[in-house]
Amino acid sequence: MKKLLNFLAIVFIISLTGCAKYTDITPKGQNLLNRVGDLDLLMNVDYSGSAFNFNKETLLIDDNYLYAVNVPNTISSNVLTLDKVFLTYNESADRAALTPTDAQYEGFYKIISTVSNIILANADNASGDLSLKKQLKAEAYIIRAYLHYLLVNIYAKAYDPATAATDGGIPYVKDINFEKANAKLTVKEVYDNILSDLESSMALNALPDQPKNSMRAGKGFAYAVKTKVLMSMRDYSGALNAVNTALTFNSTIEDHRTLLSVPKASRVLSRNGLNASDNLFYSYYNNYDPTIYAPTYEILNNYYEPGNIIKDSTNVYNYGFGFFFVGLANIPVWYQVTYQGNSAGMTTSDLIMMKAECLIRTNKVNEGMDEINKIRIRRIAPYSPLVASTEAQAMAYLQKVSRIEFLFTWRNFVDLKRWNKEGIYPVAVARTINGTTYSL
């Protein structure tokens, strides 16, 4: 661990001083980037912390309230803050002026520049195991594609085939020149680069079927990212092929039914984040996501199904602390510190719900409902399957189930943005607080 921390400290120095100066740093007479083994250490990133905090996105779509902040006081305050703007959907406010720094934007680009791009720039000339060298390059391409996908979905318009070639996007950073200003690309150009990185990774044929740990990229995660990207581009047939491939590497779904076999007072929902069997890629804000997150009235009343095991059959939600944390009556907080959610990564639930939508959107409604029910049978008690006769009905079910399955994560934000941009199955976003309704 000490060796790893020292090495990451050197990498951080690179980001501050410029890559050209890195060659002057030669611990014990050697440049660490000359060896494949040291590049492997560089890939051991802890994908957690403020860069992976999606609270503002989940607040914006009304999945939850502010994180342990009094909501009524924030709204009534005469001080205009970004929290107040998001709570009240004040689109006239100068949001940029209220955001002097942005941990996600800076954090994602830092990882892209100081991990993925450094590995891609140095792997070919590094000494060591050739197969590991190819694997590291394949992983670096996947991580770079994934983080750019998150960036473009947070900071640009949702992909629209009709306008993507002119919609403003984000920079796509491929080099390690830290003094260079990268030009902003169009949304289409960003997606073209994401797909190129995905194809470059897969062309190496070097990703492991199962990575050494869930903070490393394997084949399941690579095909999951490809699925998500193609769905954003509305290529549901291509996405279906990709997700079917991803499921061959991991199809284990977290199961809440085991809690029902013990007394309710003992129904402790546990998940070891790094070692959870449903992980495709593990990333999170803090070790106890989503502890003290408070779902909104709209989530509680309109999205949770009757019989939801977490909500109705466990003590995961604590109503006693809700008012203390957010200042709203009859609002609970998630209070289960033994549960480490995968809020910023991807799991097999992503695969199941993506497959369900791809089936529904390609005229396979019954098969799509079968996938949705694979989730529901593990979440609802007593359980009975949902049946849909039309695509629209199936999509309504899917939107409701996925909203709870991905509560407190980035997935709902990206999905709602895609659905609303597409316009076929839009989802209205509005919240009512103390008798006042705010609409996005």
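Here is what the cut-offs are and how they apply
- Residues numbered from 1 in each chain as written.
- Predicted model: local features only at pLDDT ≥ 70, side-chain atom pairs only at ≥ 80, totals over all residues.
- Heavy atoms only, no water.
- Axes fitted to C-alpha atoms, helices over the stretch in contact; angles between N-to-C directions.
- Helix = DSSP H or I, 4+ residues; strand = E, 2+ residues; numbered from the N terminus.
- Left-handed = near helix turned anticlockwise from the far one by under 90°.
- Contact = heavy atoms within 4.5 Å.
- Nonpolar A, V, L, I, M, F, W, Y, C, P; charged D, E, K, R; others polar.
- Phe/Tyr/Trp six-rings, centres within 6.5 Å; stacked < 30°, edge-to-face > 60°.
- Buried < 20%, exposed > 50% of the residue type's maximum accessible area, 1.4 Å probe, protein only.
- Pairing = 2+ DSSP bridges.
- 1 Å grid on protein atoms, 1.4 Å probe; cavity = no way out; pocket = protein on both sides within 12 Å on 5 of 7 lines; lining within 4 Å.
- Points joined across faces, edges and corners; volume = space filled by probe spheres on them.
- Salt bridge = Lys/Arg side-chain N within 4 Å of Asp/Glu carboxyl O.
- Polar contact = N/O pair within 3.5 Å; in protein donor to acceptor, adjacent residues only side chain to side chain.
- Parallel < 35°, antiparallel > 145°, perpendicular 65-115°, else oblique.
- Core = buried A, V, L, I, M, F, W, Y, C linked by side-chain atoms within 4.5 Å.

Colleague: Help me out: how do you make sense of the packing of helix α10 (residues 236-247) against helix α14 (residues 348-361) in this one?
Modeller: Each pair of packed helices can be described by the angle between their axes along with the distance between the axes. Close contact between α10 and α14 brings their axes to 9 Å; oriented N to C, the two are set at 145°. Judged by the sense of rotation from one axis to the other, the crossing of α10 with α14 is left-handed. Only L351, I352, M354, K355, E357, C358, L359 and R361 of α14 make contact with α10, whose side of the interface consists of Y236, A239, L240, V243, N244, A246 and L247. Looking at the contact of α10 with α14 residue by residue, the class counts come to 11 nonpolar, one polar and three charged.

Colleague: How should the packing of aromatic side chains be read in this particular structure?
Modeller: For any pair of aromatic rings, geometry is given as the distance between the ring centres together with the angle between the planes. Under the definition given, this model contains 25 aromatic pairs. Taking 5.1 Å as the distance between ring centres and 75° as the angle between the ring planes, the aromatic pair formed by Y146 and F221 counts as edge-to-face. Pair noted here: Y146 is in helix α7 (residues 130-155) and F221 is in helix α9 (residues 219-232), with a separation of 75 residues, a long-range link. Take Y146 and F221: they sit in the same class, and that class is buried.

Colleague: Explain the pairing of strand β7 (residues 430-433) to me, please; I cannot follow it from the model alone.
Modeller: Every regular strand shows the same layout, with side chains that alternate between the two sheet faces. Side chains R431 and I433 project from β7 onto a buried face, and the interleaved A430 and T432 project onto a face without burial. The sheet contact formed by β7 and strand β8 (residues 436-439) spans four bridges and is antiparallel. Bridging across to β8, A430 finds its partner in S439. Here β7 folds back onto β8, and the loop between the two strands holds two residues, one of which, N434, carries a positive phi near 50°.

Colleague: What is the right way to look at empty space enclosed by the protein in this model?
Modeller: Over the atoms rolls a probe the size of a water molecule, and in doing so it shows where empty space is left. For the coordinates displayed, the defined rule picks out four cavities of 30 Å³ or more. In this structure, the largest cavity spans a volume of roughly 540 Å³. Of all the elements in the fold, those that place two or more residues in the lining of the largest cavity are α12 (309-313), α14, α15 (365-376) and α16 (391-405). For the lining of the largest cavity, the element with the most residues is α16, which contributes four residues. The residue inventory of the lining of the largest cavity, partitioned by class, reads 14 nonpolar, eight polar and 11 charged. By volume, the second largest cavity amounts to about 100 Å³. Taken together, 15 residues line the second largest cavity, and the ones lying closest to its centre are K228, M354, E357, D415 and R418. Of all the elements in the fold, those that place two or more residues in the lining of the second largest cavity are α9, α14, α16 and α17 (410-422). For the lining of the second largest cavity, the per-class residue count stands at eight nonpolar, two polar and five charged.

Colleague: Is there a simple way to think about the pattern of salt bridges in this case?
Modeller: Opposite charge on two side chains makes pairing possible when the charged atoms of those side chains draw close. What the rule picks out here adds up to 29 salt bridges. A salt bridge links R403 to D63, with the nearest nitrogen and oxygen atoms 2.5 Å apart. Taken together, the residues R403 in helix α16 and D63 in the loop between α3 (55-60) and α4 (71-76) connect sequence positions 340 residues apart. Overall, the relative accessible area of 0% leaves D63 in the buried class. Among the ionic pairs, D415 bridges to K228, the shortest N-O distance being 3.4 Å. In this pair, D415 sits in helix α17 while K228 sits in helix α9, placing the two residues 187 residues apart along the sequence. Here D415 and K228 have matching classes, each one buried. Among the charged side chains, a salt-bridge network with shared partners connects K228, E357, R361, E391, D415, R418 and E422.

Colleague: Looking at this model, I keep getting lost on the side chain of R144. Mind explaining?
Modeller: Within the fold, R144 resides in helix α7. On the basis of relative accessibility, which here comes to 5%, the residue R144 falls in the buried class. Here D197 takes part through its side chain, which lies 2.8 Å from a polar atom of the side chain of R144. In contact with R144, other than residues within four places in its own chain, are I112, S116, N117, L120, Y172, V173, K174 and D197.

Colleague: Sorry, what's going on with the environment of I299 here?
Modeller: Structurally, the position occupied by I299 is in helix α11 (residues 297-302). Expressed as a C-alpha distance, the spacing of I299 and I331, which sit 32 residues apart in the sequence, is 11 Å. In contact with I299, not counting residues within four places along its chain, are D62, D63, Y304, R403, I404 and L407.

Colleague: Help me out: how do you make sense of the packing of α14 against α17 in this one?
Modeller: Relative orientation of the contacting elements α14 and α17 amounts to 15°, with a least axis distance of 13 Å. Comparing the axis directions of α14 and α17 gives the class roughly parallel. For the pair α14 and α17, the sense of crossing is right-handed. Facing D350, E357 and R361 of α14, the residues of α17 in contact are R411, R418, W419 and E422.

Colleague: When you look at the layout of surface pockets in this model, what are you seeing that I'm missing?
Modeller: Counted as a void, the largest pocket has a volume near 1300 Å³. Along the walls of the largest pocket sit 40 residues, with K56, L60, F86, I154 and F413 positioned nearest its centre. Those elements giving two or more residues to the lining of the largest pocket turn out to be α3, α5 (82-88), α6 (103-122), α7 and α17. Split by residue class, the lining of the largest pocket holds 22 nonpolar, nine polar and nine charged.

Colleague: Would you take a moment to explain the nonpolar core for this structure?
Modeller: Nonpolar side chains in soluble globular proteins tend to be buried together. With 136 residues, the main nonpolar core has Y47, F108, Y146, L147, F221 and M346 as its most contacted residues. Of all the elements, α7 adds the most residues to this core, at 14 residues. The residues contacting M346, other than those within four sequence positions of it, are Y146, F221, A224, V225, N279, L280, F281, M354, W410 and R411.

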